[in-house]
Amino acid sequence: MTGIPVESAAEEWDAILARLLDLHPKKIDLSLGRVTRLLDVLGAPQDHLPPVIHVAGTNGKGSSIAFMRAILEAAGKSVHVYTSPHLVRFHERIRLGRRGGGRLVGDAELAAVLRLCEKQNAGAPITFFEITTAAAFKLFSEYRADYLLLEVGLGGRLDATNVVARPAATLVTPVSIDHPEFLGTTVADIAFEKAGILKPQVPAILGLQQPDALDVLQRQACEVGAPLRVAGRDFIVREEHGRLIFEDERGLLDLPLPRLVGRHQHQNAAAAIATLRSIEPQLSSAAVEIGVATAKWPARLQRLKKGRVVFLAPHGAEIWLDGAHNEDGARVLAQAMADCEDRAPRPLVVVCGTLASKDTAAFLRAFKGLAQEVLAVPVTGEHVARSPVEVAALANAAGIPGVACESFESALRFLVAREWALPPRILIAGSLYLAGEVLRFNGTPPL
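Cut-off values and rules
In this numbering scheme, every chain counts its residues from 1 along its sequence in written order. Only residues with pLDDT of at least 70 are given local features in this predicted model, and only at 80 or more are side-chain atom pairs given and counted; all residues enter the totals for whole chains, interfaces and linings. Note that water and hydrogens are dropped before the side-chain values are worked out from all heavy atoms of the structure. Only Phe, Tyr and Trp rings take part, Trp by its six-membered ring, and two of them pair if their centres are within 6.5 Å. Stacked means planes under 30 degrees apart, edge-to-face means over 60, and tilted covers everything else. Under the scheme applied here, a residue whose accessible area is under 20% of the maximum for its type counts as buried, over 50% as exposed, and between as partly exposed, the area being computed with a 1.4 Å probe on protein chains only. Any Lys NZ or Arg CZ that is within 6 Å of a ring centre and within 35 degrees of that ring's normal is treated as a charge sitting over the ring. The pairing criterion is simple: DSSP has to find at least two bridges between the two strands. Strands are runs of DSSP state E lasting at least 2 residues, helices are runs of H or I lasting at least 4, and numbering of each runs from the N terminus. Axis angles are defined between N-to-C directions and span 0 to 180 degrees, where every axis is a line fitted to C-alpha atoms and, for a helix, only to the segment in contact. Two residues qualify as a contact provided that any one of their heavy atoms is within 4.5 Å of a heavy atom in the partner residue.

Q: For the packing of aromatic side chains, give the residues involved together with the corresponding values.
A: How two aromatic rings sit relative to each other is set out by the distance from centre to centre and by the angle between their planes. For the structure shown, the criterion picks out six aromatic pairs. Ring geometry for Phe 363 and Phe 367: centres 5.8 Å apart, planes at 55°, overall tilted. Classification of Phe 363 as buried rests on a relative accessible area of 1%. Take Phe 367: its relative accessible area is 1%, and that puts it in the buried class. Within the aromatic cluster, the residues linked to one another by ring pairs are Tyr 82, Phe 129 and Phe 140. Residue placement shows Arg 308 over the ring face of Phe 441; its charged tip is 4.0 Å from the ring centre.

In structure tokens:
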């Protein structure tokens, strides 16, 4: 799959990705038939992967994977990683493992595997996520690694990643309402879809869950015969004296607080540790400590301290970027901002852009009584987004003054024109696509 000049590879993969978007009339059409058909033509690469840790859930998937990667790499393991969506470049979705730390797929490798998949698919209907997942599996099957950390794209039961017959372990992070048009309108409905990744005799780890989700997940695990480890029952985590204390049947780990900001990251770290301890009994406490302290995951309460965004903002402003886009994500963001307020009071301004498919009103309600105002901005690109006028109106309805702005750049300039007794704390949130736009503008490498 080589032979493409490096200087032309970037143009080729970009052109192929554009063509792949047109192979199916729907962006999302949950099914396993199309991806299985293509994988069969490609030689069933899903059957030739390193041990897979399959991760589903509504929030916390990427952060949990970041913790697992950092811990495993600290233990000397090589780790493939598959996540979605990307923030700035498609390459972020495919990380190839190697000793000493992995690397994002290169231009030539990506162009070659996309060209192969396009040829073997022969124009048959297939969604963009399905064919690019097949491409990732083909790459992962051809490069040696100790593990593959595999993130579900949407749901689980009918997600294109759910073709791995026997993963080493499965992890379901907290389940809440998101994508109801595809997964169902209740937490129980959505949990059923997530539970589709559970496999017979494969260890299943459940992050902290709402009661309705936990009931469904436990029932499905029992039906398929998946041994369960449940947060709050089989493992717990707490903060004591500025340290993170993890405890399970094997004992207690006294760890540093995560580099990733927010109390919710304590639970993500705990789920990651519990998952690895279920399949790596010799995992050292030193590797866990290093991994928890060093794990990075962009656009998850990421503090922007330099770049064009910082230059545009009021002098001395504190700028946070997060891709949260649903009610539960907003809840943990608001909690993190409240913790910041307790430590160092500043006026909070939320710069918010959302997709039309999201419950923007529920997202904004989490910031009532905390945010001074909401500056509504567009989410650009091919996505169907809410207009800034609509987002501002929803903020006003939630009891937070809302102002419509033409762009996130104009929102920052709007704040510069103000006089501040204390420089503001600015939270840019509401969409991963908005987060990617901000990172591109800022010139910040996402990974």
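Q: So, the sheet that holds strand β10 (residues 243-248): which residues are in play, and what are the values?
A: Strand order in the open sheet made by the three strands is β9-β10-β11, with antiparallel pairing throughout. Every interior strand has two partners, whereas the edge strands, β9 (235-240) and β11 (251-256), have only one. Across the sheet, the mean angle from the axis of one strand to that of its neighbour is 20°, orientation sign disregarded. Here β9 pairs with β10 via six bridges, running antiparallel. Its bridge partner lying in β10, Phe 235 is registered against Asp 248. Here helix α10 (residues 285-294) sits on the sheet and contacts β10 and β11; the angle it forms with β11, its principal contact strand, is near 40°.

Q: Residue-level account of the sheet that holds strand β3 (residues 94-96), with values.
A: Overall, mixed pairing links the eight strands, which are arranged β4-β3-β2-β5-β1-β6-β7-β8 in an open sheet. Each edge of the open sheet carries a strand with a single partner, namely β4 (103-104) and β8 (228-230). Across the sheet, helix α3 (residues 61-74) is in contact with β1 (52-56), β2 (79-82), β3, β5 (147-151) and β6 (169-172); its angle to β5 comes to roughly 170°.

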